[in-house]
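Chain by chain, the residues run as shown.
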Amino acid sequence: MLVLGIGGFMHDYNCVLVDVENKRIAMTEAERLSRRKHHVIQPGDDLLEPIKQVCKDLGVRIRDIDVVAFGHTDDFDCKEDLKRELRGKEFVDVDHHLAHAAAAFFSSPYLSAAILSVDGFGDGYSTLLAHGKGNQIEELQRVRDHDSIGLEYLRATIHLGLGGYGSEGKTQGLAPYGEPTIFDDYMNEIEITSDGIVKLSDKLRSDESRLAEEGGYLNTQLLNNAFLNAYCPRRIVPEPLTDLHMNLAASIQQVLHAVVMQLAQILKRETGEKDLVLSGGVVMNSSLNGYLMNSGEFEHVFPLPMASDRGIGLGAALYYIHHIKGVERFFELDAVYYGNEYTDRDATRAMRKGGLRYEKSADIVAEAAEWVAQGKIIGWFQGRSEMGARALGNRSIVADPRVAEMKDIINERIKHREWFRPFAPSAAAETAGEYFDYPEGVADLSYMTFTVPATEKGKAAVPAVVHLNQTGRIQMVDCRRNPMYHQLISKFGELTGVPVVLNTSFNDMGDPIVESPDDAVETFLKTGMDVLCIGNMIGYKK
């Protein structure tokens, strides 16, 4: 049985193909192929392009697919288009939040767990509380979309002038610069019942705050509410960020912690579970995840690395296979390297086409480590690309974290981001605890899904990856899951005494992470990176 899961009909179009008999999985995200970040489906799009990619990965044909599981029950024109393109298949609609829940639970190492999906909106709801047991998911409670804490966080982001959907990470980055001065006022507008229903007051979900009838995701920047308007006027870029704005960011971040923690505690009480799995777009907030991990409420916490709608295709397929068909579980997400892989010949062709000087290295890891230790900024492109929003050492920009100014240098020369946004550390797993403080064994810190405090040694040694509140969004790198990146970090450690590097995604602002060597060369040429490493090939600007 071949099951195709498709999600992201509002944004982040993606698909997953599961070969049930042989227990094989392929994943792809349309933005990596189309080069449109968050890939909102538009008229004329080739909806089959990512489907052809996953079929190619598994060595099958589109006509071999048996079942297509949509991760949405709402009507979308593209669903009808896909049914025409994929005629003859069995089609199944999976509720959006059950797809979120299934993606996290059926990918986790836990045979039973409390499940919390916290999202902006989808299929009429924003949040799902559930109990996972074996190959079944039991719904416990739902929260309607107009009571969405995810949309309230987005409204605050828009009010701060930081952007629309996908910009919520900017609010998280700004929060440490402020004080949560309106936290109590905010919480007075939010009620959480004992069984897990969230209710926002009319001030938070006034008529102006609803999603437009036409346009949905595309019109999220229309979101507004009376509470925020009374606090301060909406900021319009390029107006400066003031203490009022920073305090709003700090307040909504603390509100998010409080609301999600209460829901998690309700789940713990209702299910009796010691393990918590998390999904939904809100779970991309690494500060929230760090707060939950460090709370001591659960023995283990697993946020799905592709927690946003990027993981809906995976969830739709796994929900159909396990919950609907009753197939025993066979998948555990151990890494996210499911994208394309390229050869040195591909790299050479792209570098020649881009007009780079290039050469083949006898030891690319040693040379790259030397460059980083010398203060150079390198594009690091190796193996299969990562699924999800974060580069984890295969499509990364790597730099020296020991130089505090490196954050500003990269922002100015390459990423062109806001000054207050932090960069993340990639640390060798065996010594990460010397630089960052986290509870042992509670969570897998391999995916940049948790923000944790820096140790005193970390604050002094790697200031470029320690944020204002003395935390870092850590990626622990081990030699099993990413041996080449681990070697790079270890070699850098041998040269400098610090086995930690600064890692940011290989892209310019507004672009998706690079997928192919051609993408990498294009980004390298238009930014201030010093050296490009693709496979064993080294590229320089002429």
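Position numbers for residues count from 1 along each chain, tracking the sequence in the order it is written. Confidence filtering applies because this is a predicted model: local features only for residues at pLDDT of at least 70, side-chain atom pairs given and counted only at 80 or more, and all residues used for totals across whole chains, interfaces and linings. As a convention, hydrogens and water are excluded, and side-chain values are obtained from all of the structure's heavy atoms.

Draft legend 1. Main features of the packing of helix α4 (residues 96–105) against helix α11 (residues 312–324). One can describe the packing of α4 onto α11 by two numbers: an axis separation of 7 Å at closest approach and a directional angle of 85°. Considering the angle they form, α4 stands roughly perpendicular to α11. On α11, the residues touching H96, L98, A99, H100, A102 and A103 of α4 are I312, L314, G315, A316, L318 and Y319. Looking at the contact of α4 with α11 residue by residue, the class counts come to nine nonpolar, three polar and no charged. Interaxial angles span 0 to 180 degrees and are taken between N-to-C directions of axes, which are lines fitted to C-alpha atoms, for helices over the stretch in contact. Strands here mean DSSP runs of E at least two residues long; helices mean DSSP runs of H or I at least four residues long; both are numbered from the N terminus. Roughly parallel here means an angle under 35 degrees, roughly antiparallel means over 145, roughly perpendicular means 65 to 115, and every remaining angle is called oblique. In this description, contact between two residues means that some pair of their heavy atoms is separated by no more than 4.5 Å. Under the convention adopted here, Pro, Cys and the residues Ala, Val, Leu, Ile, Met, Phe, Trp and Tyr are nonpolar, Asp, Glu, Lys and Arg are charged, and Gly plus all remaining residues are polar.

Draft legend 2. The arrangement of the pairing of strand β5 (residues 90–93) in detail. Whether two strands pair comes down to DSSP finding at least two bridges between them. Sheet topology places strand β4 (residues 67–70) next to β5; four bridges connect them, and they run parallel. What sits directly across from V67, in β5, is E90. Taken together, β4, helix α3 (residues 77–85) and β5 constitute a β-α-β crossover, and its handedness is right-handed. When the strands point away from the viewer and the path from the first strand over the helix to the second turns clockwise, the crossover is right-handed.

Draft legend 3. Local environment of the sheet that holds strand β12 (residues 300–303). What the five strands build is an open sheet, ordered β8-β7-β6-β11-β12; its pairing is mixed. At either end of the open sheet lies a strand with only one pairing partner, and these are β8 (136–144) and β12. On average, adjacent strands in this sheet sit at an angle of 20° to one another, irrespective of strand direction. Pairing geometry for strand β6 (residues 112–122) and strand β7 (residues 125–133), over eight bridges, is antiparallel. Pairing of I115 across the sheet is with A130, part of β7.

Draft legend 4. Region of the structure containing the sheet that holds strand β14 (residues 378–381). Strands sit in the order β13-β22-β21-β14-β15-β20-β16-β19 across an open sheet of eight strands; the sheet is mixed. Two strands lie at the open edges of the sheet, namely β13 (357–360) and β19 (475–477), each paired on one side alone. Across the sheet, the axes of successive neighbouring strands diverge by a mean angle of 30°, strand direction being ignored. The sheet contact formed by β14 and strand β21 (residues 531–534) spans four bridges and is parallel. Considered in β21, the bridge of I378 is made with V531. Contacts from helix α12 (residues 344–353) reach β13, β21 and β22 (537–540) within the one sheet, and its direction differs from that of β22 by about 10°.

Draft legend 5. Layout of the state of the cysteines. Cysteine sulfur atoms that come within 2.5 Å of each other are treated as a disulfide pair. Per the counting criterion, the structure on display carries zero disulfides. There is no disulfide at C55, and the cysteine sulfur nearest it, in C15, is 8.0 Å away. Burial here depends on accessible area, computed with a 1.4 Å probe over protein chains only, as a share of the maximum for the residue type. Under 20% is buried, over 50% is exposed, and the range in between is partly exposed. Given the relative accessible area of 2%, C55 is considered buried.

Draft legend 6. Up close: the pattern of salt bridges. The rule for a salt bridge is simple: a side-chain nitrogen of Lys or Arg has to be within 4 Å of a carboxyl oxygen of Asp or Glu. In the structure shown here, the tally under the stated rule is 36 salt bridges. Its salt-bridge partner being K133, residue E138 comes within 3.3 Å of it at the nearest N-O pair. Note on E138: relative accessible area 38%, which makes it partly exposed. Residue R144 pairs with D147 through a salt bridge whose shortest N-O separation is 3.3 Å. Residues joined in a network through salt bridges with shared partners are D12, E29, E31, R32, R310 and E515.

Draft legend 7. Structural context of the nonpolar core. By size, the foremost hydrophobic cluster in this structure holds 139 residues, and its most contacted members are M27, I137, Y186, I190 and F436. Per element, the largest residue contribution to this core is 14 residues, and it comes from helix α9 (residues 243–271). The residues touching I137, leaving out its near neighbours within four places in the chain, are L98, A101, A102, F105, F106, I115, A130, H131, Y319 and H323. The set of buried Ala, Val, Leu, Ile, Met, Phe, Trp, Tyr and Cys residues whose side-chain atoms join them within 4.5 Å is what this entry labels a nonpolar core. In terms of nonpolar packing, the next biggest core, distinct from the first, is built from 30 residues, F9, L47, L58 and I65 among them.

Draft legend 8. Region of the structure containing the side chain of N503. Summarising the element assignment, N503 is placed in strand β20 (residues 500–505). For N503, a relative accessible area of 2% gives the class buried. Polar contacts, as counted here, are pairs of nitrogen or oxygen atoms within 3.5 Å of one another; within protein the pair requires one atom able to donate a hydrogen and one able to accept it, and residues that are adjacent in sequence qualify only if both atoms are side-chain atoms. Only 2.8 Å separates the side chain of N503 from the side chain of S396, close enough to count as a polar contact. In this structure the side chain of N503 is engaged in a polar contact, spanning 3.2 Å, whose partner is the side chain of S426. When neighbours within four sequence positions are excluded, N503 is seen to be in contact with A391, L392, G393, S396, I397, A424, S426, M448, Q475 and Y485.

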